[in-house]
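Remarks on the overall topology
Residues per chain, in single letters:
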Amino acid sequence: MSRPIKKTAKFVSIAALGMLVLVGCTQQPPTATVEPSTSVTTQEVSQETSSPDAVTLKNLQAAYNGESNAHARYLAFAKKAETEGYQQVARLFQAAAQAEAIHAANHAAVIRKLGAKPEATIETPEVKSTRENLEEAINGESYERDTMYPEFIEQAKQKGNQEAVQTFTYAVQAETEHAKYYTQAKDNLEDWKDAKMVFYVCPECGFTTNNLNFENCPECGTAQNLFGEVV
């Protein structure tokens, strides 16, 4: 059932990752914290590797770590773009950072359901010129789109973990959009100095768009009026 259209919420860049439950569509964008990596005992490792979900859990942890670092990296890239005068590129990086935080929170929810703790080691981003940062972002998103997430999805399907399949699928669909926008920005960099486009991010799956020409998210069905406007 369609819902009445309301004024979209506005997102600002966030400093911490959110908690997001992978059942249904949330009414409010979540809030959360990045959980630091902790030491794992030999007994815990043995229990994890003997679990039927060991491969899926390993993949979820890798994806959680990757998305957490992408969130931090894109925020750093956004600041660099601003200092170089590429306001539209900065807004794109901020939108992508928001989406990566949602992906990380989705992964974390499934990790907890498997009885483990989400672990991420946040590295200091290497920031170069905006053009170089876009190239790095394209490479990263393309790898996740073409290699990492398809492999993770297939392995989760083999293990019958539908929640893992869902969170990985949400992520790969958003990464596809990010790679497309990053490529457009790199190919038309001088035209991306003025912020002419507004980006919107789905609070449920992280789908990122600059055109709200739908009533519900094309990936997860979340109502369009719940999308956050990135400023």
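This one's a predicted model, so the numbers in the text were calculated from it and none came from an experiment. (Residues numbered from 1 in each chain as written. Predicted model: local features only at pLDDT ≥ 70, side-chain atom pairs only at ≥ 80, totals over all residues. Heavy atoms only, no water.)

A closer look at the overall build of the chain
The condition that has to hold: In this description a helix means any DSSP run of H or I spanning at least four residues, a strand means any run of E spanning at least two, and both kinds are numbered starting from the N terminus. Using a 1.4 Å probe on the protein chains alone, a residue whose accessible area is under 20% of its type maximum counts as buried, one over 50% counts as exposed, and one in between counts as partly exposed. Contact definition: two residues touch when any of their heavy atoms are within 4.5 Å. To be clear on the numbers: accessible area is Shrake-Rupley with a 1.4 Å probe, and residue cover counts the displayed protein chains and nothing else.
Check the secondary structure of the chain and you find five helices and four strands. Of the regular secondary structure in the chain, the N- to C-terminal order runs β-α-α-α-α-α-β-β-β. In the chain, buried positions account for 48% of the 231 residues. Restricting to contacts in the chain with at least 6 residues of sequence separation, those with at least 24 account for 76%. Carbon together with sulfur atoms contributes 49% to the accessible area of the chain, which is approximately 11000 Å² in total.

Some words on the nonpolar core
Operational definition: Nine residue types can take part in a nonpolar core, namely buried Ala, Val, Leu, Ile, Met, Phe, Trp, Tyr and Cys, and a core is a set of them joined through side-chain atoms within 4.5 Å.
Counting 27 residues, the largest nonpolar core has Y74, V89, L92, F93, L134 and Y182 as the members making the most contacts within it. Looking at this core, the elements that each hand over two or more residues are α2 (54-83), α3 (87-113), α4 (130-159), α5 (162-187) and β2 (199-201). Apart from residues lying up to four places away in sequence, L134 is in contact with V89, F93, Y182, A185, K186 and L189. Among the nonpolar cores identified, the runner-up in size contains 19 residues, and A104, F152, I153 and V165 belong to it.

Side note on the layout of surface pockets
The test is simple: Cavities and pockets are found on a 1 Å grid laid over the protein atoms alone: a cavity is a set of points where a 1.4 Å probe fits but cannot escape, a pocket is an open set with protein on both sides within 12 Å along at least five of seven lines, and a lining residue has an atom within 4 Å of such a point. Grid points are joined across faces, edges and corners, and a volume is the space filled by probe spheres set on the points.
In this structure, the second largest pocket encloses a volume near 250 Å³. Broken down by secondary-structure element, the contributors of at least two residues to the lining of the second largest pocket are α2 and α4.

Quick word on the pattern of salt bridges
In plain terms, the rule: Just to be clear on terms, a salt bridge is a Lys or Arg side-chain nitrogen sitting within 4 Å of an Asp or Glu carboxyl oxygen.
The tally for this structure, following the rule as stated, stands at eight salt bridges. Across the salt bridge formed by R145 and D146, the nearest N and O atoms sit 2.7 Å from each other. A relative accessible area of 28% places R145 in the partly exposed class.

Quick look at the side chain of E175
The following threshold applies: His is not counted here, nor are the chain ends, while Lys and Arg score as positive and Asp and Glu score as negative.
Here E175 lies in helix α5. The buried charged residue E175 lacks any salt bridge partner; its closest oppositely charged side chain belongs to R73, at an N-O distance of 8.8 Å. Sequence-distant contacts of E175, that is, excluding residues within four places in its chain, are made with E67, E100, H103, E141, E144 and Y149.

Structural notes on the confidence of the model for the chain
Here is the rule we go by: What pLDDT expresses is the predictor's confidence in each residue, scored from 0 to 100.
Scored by pLDDT, the chain has a mean of 84; 77% of the residues are at 70 or more. At the level of individual helices and strands, the chain shows its lowest average pLDDT in helix α1 (residues 42-50), which scores 43, and its highest in α3, which scores 98. Scored below 50 in pLDDT, residues 1-49 makes 108 contacts in the model with residues more than four places away or belonging to other chains.

Considerations on the side chain of S68
Worth spelling out the cut-off: As used in this structure description, the phrase polar contact means that two N or O atoms lie within 3.5 Å; if the pair is within protein, one of them must be able to donate a hydrogen and the other to accept it, and residues adjacent in sequence are counted only when both atoms belong to side chains.
Among the secondary structure elements, S68 is positioned in helix α2. Take S68: its relative accessible area is 2%, and that puts it in the buried class. Polar side-chain contacts of S68 include one of 2.7 Å to the backbone oxygen of Y64.

With respect to α3
This is how the line gets drawn: In this scheme, a helix's expected span is set at 1.5 Å multiplied by one less than its residue total.
End to end, α3 covers 40 Å across 27 residues, agreeing with the expected 39 Å (1.5 Å per residue, within 8%). Burial analysis of α3 places 24 of its 27 residues in the buried class, the great majority of the element. Just downstream of α3, G115 is the residue with a positive phi angle, here 85°.

What to know about α5
Here α5 is 26 residues long and its end C-alpha atoms lie 38 Å apart, about the 38 Å a rise of 1.5 Å per residue gives. Here α5 starts with a cap whose side-chain oxygen sits 3.3 Å from the backbone nitrogen of E163, and that cap is N161.

Quick notes on the environment of V127
Residue position: V127 is located in the loop between α3 and α4. Here V127 falls in the partly exposed class, since its relative accessible area comes to 38%. Separated by 49 residues in the primary sequence, V127 and A78 place their C-alpha atoms 9.9 Å from one another. If we ignore the near neighbours within four places in the chain, the residues touching V127 are A76, F77, K80 and N133.

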